[in-house]
Amino acid sequence: MTAGSRIAFGRGVCGNLAEAASREWIVTDGLGGYANGTIAGLRTRRYHGLLVAPTAPAGASRMLGLAALDVVVVLGDQRIRLATHEWGSGVVDPAGYQHLASFDLDDGVPRWRYDLGPVQLEVEVAMAQGSSTVAVVHRLLAGRARLEVTPLCTWRDQHGDRFAAGDPQVESTGTGFVFESAYRVHGPGFVGGGEWYRGEYHREEVARGLGASEDLWAAGTFAADLTANQTLAVTATVELGAPAPAAEAIVTAARARAGELAARAGADTEVDRILAVAADRFVVQTPNGPTAVAGYPWFGEWSRDLFTSYEGLFLATGRADEGRAVLERAAGTVSQGMLANTADVGTLEYNTIDATLWFLHALGRHVEHTGDTDLAAQLADTVVAILTAHRDGTRFGIGVDAATGLLHGGAQGWALTWMDARVDGVPITPRAGFPVEVEALWINGLGAAADLLGRAGRDSHDWTTLRKQALTSFGRLSPTPDGGLVDVLDPAGTPDPRRRPNQLLAASLPHGPVQQPRDAAAIVAACDDLVTSVGLRSLAPSDPGFRGQHRGGPAERDAAYHQGTVWPWLIGPYVDAARRAGRDTSTMLDGLELHLSEFGLGSVSETADGDAPHGATGCPFQAWSVAELIRARWVQAERA
């Protein structure tokens, strides 16, 4: 097994602000909170900060606290500022990135090294697992210097902003301070003070058509005189009553955890080790058990994403015990045969046609992989309730068409599939009727359910019969002129002519409707021009509605979201279908493996532009993108 994992950059990237500010790092607390920023130290997003704490389970809501620590190295009469800030005037000041000799992500721990001539300084950041606590360790590697560290503070919703309006409440603790009774910052040599830093500019938010700036409170200064190998460490935590943990111990524990995760996953290459840590970023604990965050920095828990990701996040990484608890917890949310999709808006929402079907798939894969017949028996009633409700009809017109056995759904103003973007309340891709991937998931779910019920000693005849009917009817979705499958039949049975990658699910799922290599080959061939190095386009580039750029304000981005934008998670179904078709898949993941050193470091982005060079967009750290890369590599390794 490889001894460690490292993504590293030298002066060529670190000294180039555009390059260094476009690459982001993240560390997480296992609860839905995180610390996140750029190599340059420039806060390009409103979400960037050292302490972003969850205020609801699984990050359904979060508050930004400690935004940054500005470091000054004092060498005699010389004061060298290592922070990097951009202001509304367009000025970058200070420009500390110019002193940055290297950056690396060492077993998931971000580390900066600054070259100041006679003085060399290292900075590391880590979070405690199970506690919204961040540690920042400044270590002098050579020379002698005085360090002064100024905490920049706020307390606001991560999606919002805050501007100077009177002085905030700051209570001195002797070793630091408590900011607005929300979090405590601890370190050596603290001298209180305070002033507003006004108008810090967030370039990425401007590019996304959102708020440009915010104000931060400089709450004083931590200071220490250091010689080689001595440290100035700062911790920040929302746990006001607990003793402050040692910052160095938090960093050491983070590296040790990376080794444990790699061992559990059986990671025998550096890429696999990186991905084991990447998967761990998404797995979080709640009072009701474990789950997964859909993406950082702005998503919480989404069931569709969770169960699309399940096999990669939990089974392929050796976390089946946690996975079992995830399945049990999710089963408890079933209502009218539907799984709750998200609680990001504060209440459970039941608004998808596919999240429940992905749950059946995940449950089936878990039991097949682990042989856990006890779980199959435990959840058998839930499985039957889901199938019965879908057969008889449930919310949003979701139900089985008695004549075909296929699953239909749709309601005015709703987009129920994963292509769910809306602009001004109007769905961009409503796909009402019979979407191809829903039929594939339905047929697959019936097959998984029959297997589960059989293992539990329960009768599955009704569902086996229904599956046979649906399989026979599935031929209505093909062929298209290019040999692929129709993306969706509207409620009247009219085919949508647009060519999308959703058809791949039919040829990739284990109990899916397309099993023969010849049929899989036709589907894969129909998707060839959707394939890029980092995933699949969501619409054919020849289509008049194709949008090659996923950029601009919220409405512009949502309009392009599923109209050509590349989705990395789709590489998993593509590789599965290509393998079933007999294609060589050995190099199909190379682009995404290279992507691990771009954008969200050590992770995979949510989306990318449909046009070359396919610049990354959306969340820099996306669960199903990471999970499908892990799963595809896992399957390849098993079959090698």
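Everything here concerns the structure above.
A few points on the structure. Computed from a predicted model, the values in this text were never measured in an experiment. (Residues numbered from 1 in each chain as written. Predicted model: local features only at pLDDT ≥ 70, side-chain atom pairs only at ≥ 80, totals over all residues. Heavy atoms only, no water.)

What follows deals with the overall build of the protein chain. Looking only at helices and strands, one finds 18 helices and 34 strands in the protein chain. At 25 Å, the protein chain has a C-alpha radius of gyration in line with the 26 Å of a compact globule built from 640 residues. Referenced to the eigenvectors of the C-alpha coordinate spread, the extents of the protein chain come out at roughly 85 × 50 × 50 Å. The buried share of the protein chain, taken over its 640 residues, is 60%. For the protein chain, contacts bridging at least 24 residues in sequence account for 66% of all contacts bridging at least 6. (Helix = DSSP H or I, 4+ residues; strand = E, 2+ residues; numbered from the N terminus. Rg over C-alpha atoms; globule rule 2.2 N^0.38 Å. Buried < 20%, exposed > 50% of the residue type's maximum accessible area, 1.4 Å probe, protein only. Contact = heavy atoms within 4.5 Å.)

For any pair of aromatic rings, the description consists of the separation of the ring centres together with the inter-plane angle of the planes. If you walk through the whole model with that rule in mind, you get 23 aromatic pairs. An angle of 85° between the planes, with centres 5.6 Å apart, marks the rings of Trp25 and Trp112 as edge-to-face. Of the two residues, Trp25 sits in strand 2 (residues 24–28) while Trp112 sits in strand 10 (residues 109–116), which places them 87 residues apart along the sequence. Judged by its relative accessible area of 4%, Trp25 is buried. (Phe/Tyr/Trp six-rings, centres within 6.5 Å; stacked < 30°, edge-to-face > 60°.)

All right, on to the layout of surface pockets then. By volume, the second largest pocket amounts to about 500 Å³. Taken together, 27 residues make up the lining of the second largest pocket; nearest its centre are Glu311, Arg365, Ser508, Asp576 and Arg631. Mapped onto the lining of the second largest pocket, the elements with two or more residues apiece are helix 6 (303–315), helix 8 (355–370), helix 13 (504–508), helix 16 (571–580) and helix 18 (623–639). Class assignment of the residues belonging to the lining of the second largest pocket gives a composition of 12 nonpolar, five polar and 10 charged. (1 Å grid on protein atoms, 1.4 Å probe; cavity = no way out; pocket = protein on both sides within 12 Å on 5 of 7 lines; lining within 4 Å. Points joined across faces, edges and corners; volume = space filled by probe spheres on them. Nonpolar A, V, L, I, M, F, W, Y, C, P; charged D, E, K, R; others polar.)

What follows concerns the nonpolar core. Grouped together as the largest cluster of nonpolar side chains are 177 residues, with contacts concentrated most on Val73, Phe307 and Phe359. The dominant element in this core, judged by the number of residues it contributes, is helix 11 (residues 436–455), at 10 residues. When neighbours within four sequence positions are excluded, Val73 is seen to be in contact with Gln78, Arg79, Ile80, Leu82, Leu116, Leu121, Ala145, Arg146 and Leu147. Residues Ala135, Ala233, Ala247 and Val251 belong to the second largest nonpolar core, which totals nine residues. (Core = buried A, V, L, I, M, F, W, Y, C linked by side-chain atoms within 4.5 Å.)

Bringing helix 4 (residues 247–265) into the picture now. With 19 residues, helix 4 ought to run about 27 Å at 1.5 Å a step, and its terminal C-alpha atoms sit 27 Å apart, in line with that. Listed as buried for helix 4 are Ala247, Ile250, Val251, Ala258, Leu261 and Ala262. End-on view of helix 4: buried residues confined to an arc of 120°, all on one side of the axis. Gly266, located one to two residues past helix 4, shows a positive phi value of around 65°. (Expected span 1.5 Å × (residues − 1). Arc of directions from axis to C-beta.)

What follows covers the environment of Gly433. Turning to its location among the elements, Gly433 is positioned in the loop between strand 26 (426–427) and strand 27 (434–435). When its relative accessible area of 2% is taken as the criterion, Gly433 is described as buried. Taking the C-alpha atoms as reference points, Gly433 and Thr532, 99 residues apart in sequence, are found 29 Å from one another. Non-local contacts of Gly433, meaning those with residues more than four positions away in its chain, are made with Leu407, His408, Gly409, Leu489, Asp490 and Pro491.

This part covers the side chain of Glu311. With respect to the helices, strands and loops of the structure, Glu311 is situated in helix 6. We classify Glu311 as buried; its relative accessible area is 8%. Among all residues touching Glu311, those that are not within four sequence positions of it are Ala316, His361, Arg365, Arg631 and Trp634.

Here the focus is unusual backbone geometry. Here Asp93 and Pro94 are connected by a cis peptide whose omega angle stands at -5°. Examined against the element boundaries, Pro94 turns out to sit in strand 8 (residues 92–95). Following Tyr296, the chain continues into Pro297 via a peptide bond in cis, with omega recorded as 10°. We note that Glu180 has phi near 50°; this positive angle belongs to a residue other than glycine. Tracing the chain through its elements places Glu180 in the loop between strand 15 (176–179) and strand 16 (183–186). Judged by its relative accessible area of 22%, Glu180 falls in the partly exposed class.

So, about helix 18. The end-to-end C-alpha distance of helix 18 is 24 Å, a good match for the 24 Å that 17 residues give at a rise of 1.5 Å each. The element helix 18 is extensively covered by neighbouring structure, given that 13 of its 17 residues are classed as buried.

Structurally, Thr373 is set in helix 9 (residues 373–378). Through-space distance from the C-alpha of Thr373 to that of Trp87 is 59 Å; in sequence the pair is 286 residues apart.

Moving on to empty space enclosed by the protein. Empty space among the atoms becomes apparent when a probe as large as a water molecule is rolled across them. Following the criterion strictly, the structure yields six cavities of 30 Å³ or more and no others. As a volume, the largest cavity reaches approximately 400 Å³. If you go around the largest cavity, you meet 27 residues; those closest to its centre are Gly41, Leu50, Ala68, Leu69 and Trp112. Mapped by element, the contributors of at least two residues to the lining of the largest cavity are strand 3 (34–38), strand 4 (49–54), strand 5 (62–75), strand 7 (84–86), strand 10, strand 11 (119–127) and strand 12 (133–142). Broken down by element, the lining of the largest cavity gets its largest block of residues, five residues, from strand 5.

What follows concerns the pattern of salt bridges. Taken as a whole, this structure holds 50 salt bridges when the rule is applied. Ionic pairing is found between Arg365 and Glu368, a salt bridge with its closest N-O pair at 3.3 Å. Of the two residues, Arg365 and Glu368 both sit in helix 8, three residues apart, roughly one turn of that helix. A residue is classified by how much of its surface remains accessible, and Glu368, at 45% relative accessible area, is partly exposed. (Salt bridge = Lys/Arg side-chain N within 4 Å of Asp/Glu carboxyl O.)

Running from amino to carboxyl end, helix 11 crosses helix 12 (residues 461–473) at an angle of 155°, the nearest separation of the two axes being 9 Å. Of the possible angle classes, the one that applies to helix 11 and helix 12 is roughly antiparallel. Helix 11 and helix 12 meet at a crossing whose hand is left-handed. For the pair helix 11 and helix 12, the contacting residues are Trp442, Ile443, Leu446, Gly447, Ala450 and Leu453 in the first and Trp463, Thr464, Leu466, Arg467, Ala470 and Leu471 in the second. Tallied by class, the residues present in the contact of helix 11 with helix 12 amount to nine nonpolar, two polar and one charged. (Axes fitted to C-alpha atoms, helices over the stretch in contact; angles between N-to-C directions. Parallel < 35°, antiparallel > 145°, perpendicular 65-115°, else oblique. Left-handed = near helix turned anticlockwise from the far one by under 90°.)

The strand order 1-9-10-11-12-19-16-15-14 describes an open sheet built from nine strands, whose pairing is antiparallel. The open sheet terminates on both sides in strands that have one partner only, identified here as strand 1 (6–9) and strand 14 (170–172). Direction aside, neighbouring strands of the sheet carry axes that sit 15° apart on average. Against the sheet, helix 4 engages strand 9 (100–106), strand 10, strand 11, strand 12 and strand 19 (231–237), with an angle of about 100° to strand 12. (Pairing = 2+ DSSP bridges.)

On to the side chain of Arg111. In this fold, Arg111 is placed in strand 10. By relative accessible area, Arg111 is classed as buried at 12%. A distance of 3.5 Å separates polar atoms of two side chains, one belonging to Arg111 and the other to Asp106. Among residues more than four places away in sequence, those in contact with Arg111 are Arg6, Ser102, Phe103, Asp104, Asp106, Glu122, Val123, Glu124 and Arg255. (Polar contact = N/O pair within 3.5 Å; in protein donor to acceptor, adjacent residues only side chain to side chain.)

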